[in-house]
Amino acid sequence: MVPITVFTPTYNRVELLNRCFESMKNQTNKNFIWMIIDDGSTDNTAEVVKDWMKKCYGFEIKYFYKSNGGLHTAYNEAIKNIETELCVCIDSDDFMPEDAIERILGFWEKYGDENYAGIVGLDYNTKGEVIGDPLPAQKSINLIDLLIGKYHINNGDRKNVVRTKLYKSVAPMKSYPGEKNFNPHYMHLLISRKYDFLVMNENLCYVEYQPEGMTASILRQYRNSPRSFAEIRKLYLTFESAPLKFKIKQYIHYWSSCILAGKWCGLKNYNPLLLVISLPLGCVLAGYICMKTRK
């Protein structure tokens, strides 16, 4: 049985997708499936991918087309269709080192079992530099602890290889009408409530940020997808071990998202004092976002 699926969400990036494809062809271990989730592309992505599928490269290519809904809905479509034990997302503008699959499978065979959610590894930029700091030198780590700053390191981006069974247990992610920027890391954090990830301090993916990508437009995302970001803040506020500074920040962002959404976003079990204290700053943040994203 094929042990791992690499899934790639894409939207009108056929030229960049070719680089990702070349990295799949160059893998030293081809015991994987490459699943492409076309999130409503209007370029010739379908034509190019279907041409690849006619040829033999030593690995299976699967292609799924869906109407445009954003990255999180592409994750939902992928997770619904993945049948392998493990899976990993490689974005259309990213690519893998040629031995990444070989190292992932070898590492999981040696250390992996049902006590772990999967593997967390490193992303590198195209200059060959690690993004953020290396992970702590320990066998496993919880992604919630990383998020709340327990290890006092620069998180940067990480590459999460996840047991498909656990993805399916927390998917599909919610979707709000007109909102396309719900970060799929939400699912990794839900999984981390019960499981740690094995630490693999190695490069699993080369990342090249695009000017129109998610990272470069965070304020616009806040404005265009306020209910999605409110949902993320609500999850953050359930982390009991989070420090006070972290919690206050989330309350501020939560208020900002509510203001931008024009409604209370269903926060429960909140700290009344922190909620009240953070309201003025939430108003300021919402105003700042509106000012910076004016057309």
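Residues numbered from 1 in each chain as written. Predicted model: local features only at pLDDT ≥ 70, side-chain atom pairs only at ≥ 80, totals over all residues. Heavy atoms only, no water.

**Side note on the pairing of strand S1 (residues 4-10)**
In terms of burial, S1 is largely enclosed, as seven of its seven residues are buried. Here S1 shows no split at all, with Ile4, Val6, Thr8 and Thr10 on one side and Thr5, Phe7 and Pro9 on the other all buried. Note that S1 and strand S2 (residues 32-39) share seven bridges and pair parallel. By the bridge assignment for S2, phenylalanine 7 is matched with methionine 35. The β-α-β motif built from S1, the intervening helix H1 (residues 14-25) and the parallel element S2 has right-handed crossover chirality. Pairing between S1 and strand S4 (residues 86-89): four bridges, direction parallel. Of the residues in S4, the one forming a bridge with phenylalanine 7 is cysteine 89. (Buried < 20%, exposed > 50% of the residue type's maximum accessible area, 1.4 Å probe, protein only. Helix = DSSP H or I, 4+ residues; strand = E, 2+ residues; numbered from the N terminus. Pairing = 2+ DSSP bridges. Right-handed = clockwise from strand over helix to strand, strands pointing away.)

**Digging into the pairing of strand S8 (residues 196-207)**
As paired strands, strand S5 (residues 116-125) and S8 are joined by eight bridges and run parallel to one another. In the strand pairing of S8, isoleucine 119 is matched with leucine 198. In terms of strand pairing, strand S6 (residues 140-141) meets S8 through two bridges, oriented antiparallel. Across the sheet, serine 140 pairs through a bridge with leucine 198, a residue of S8.

**Topic: helix H4 (residues 100-111)**
Look at H4: 16 Å from first C-alpha to last across twelve residues, which is about the 16 Å you get at 1.5 Å a residue. Considered for burial, the residues of H4 that qualify are Ala100, Ile101, Ile104, Leu105, Phe107 and Trp108. Buried residues of H4, viewed axially, fall in a sector of 160°; they line one side. The exposed residues of H4 that point more than 90 degrees off its buried face are Glu109 and Lys110. (Expected span 1.5 Å × (residues − 1). Arc of directions from axis to C-beta.)

**A short note on the pattern of salt bridges**
Close approach of charged atoms lets side chains of opposite charge pair. Within the structure shown, the criterion is met by eleven salt bridges. With a shortest N-O distance of 2.9 Å, arginine 19 and glutamate 208 are connected by a salt bridge. Of the two residues, arginine 19 is situated in helix H1 and glutamate 208 in the loop between S8 and helix H8 (218-224); the sequence distance between them amounts to 189 residues. Under the relative-accessibility criterion, arginine 19 is labelled partly exposed at 27%. The partly exposed category is assigned to glutamate 208, whose relative accessible area is 29%. As a salt-bridge pair, lysine 174 and glutamate 231 come within 3.0 Å of each other at their nearest N and O atoms. Note that lysine 174 is positioned in the loop between helix H6 (164-170) and helix H7 (185-191) and glutamate 231 in helix H9 (residues 226-236), a separation of 57 residues in sequence. Overall, the relative accessible area of 44% leaves lysine 174 in the partly exposed class. A relative accessible area of 7% places glutamate 231 in the buried class. Through salt bridges with shared partners, a single network forms among Asp99, Arg103 and Glu202. (Salt bridge = Lys/Arg side-chain N within 4 Å of Asp/Glu carboxyl O.)

**Observations concerning the packing of aromatic side chains**
A full pass over the atoms with the stated rule returns 18 aromatic pairs. When the ring of phenylalanine 21 is compared with that of tryptophan 34, the centres are 6.0 Å apart and the planes differ by 15°; the resulting orientation is stacked. Taken together, the residues phenylalanine 21 in helix H1 and tryptophan 34 in strand S2 connect sequence positions 13 residues apart. Of the two residues, phenylalanine 21 and tryptophan 34, neither departs from the other in class, the shared state being buried. With a centroid separation of 4.8 Å and 90° between ring planes, the pair formed by tyrosine 222 and phenylalanine 229 is classed as edge-to-face. The buried category is assigned to phenylalanine 229, whose relative accessible area is 7%. Among the aromatic residues, those joined into a ring-pair cluster are Phe21, Phe32, Trp34, Trp52, Tyr57 and Phe59. (Phe/Tyr/Trp six-rings, centres within 6.5 Å; stacked < 30°, edge-to-face > 60°.)

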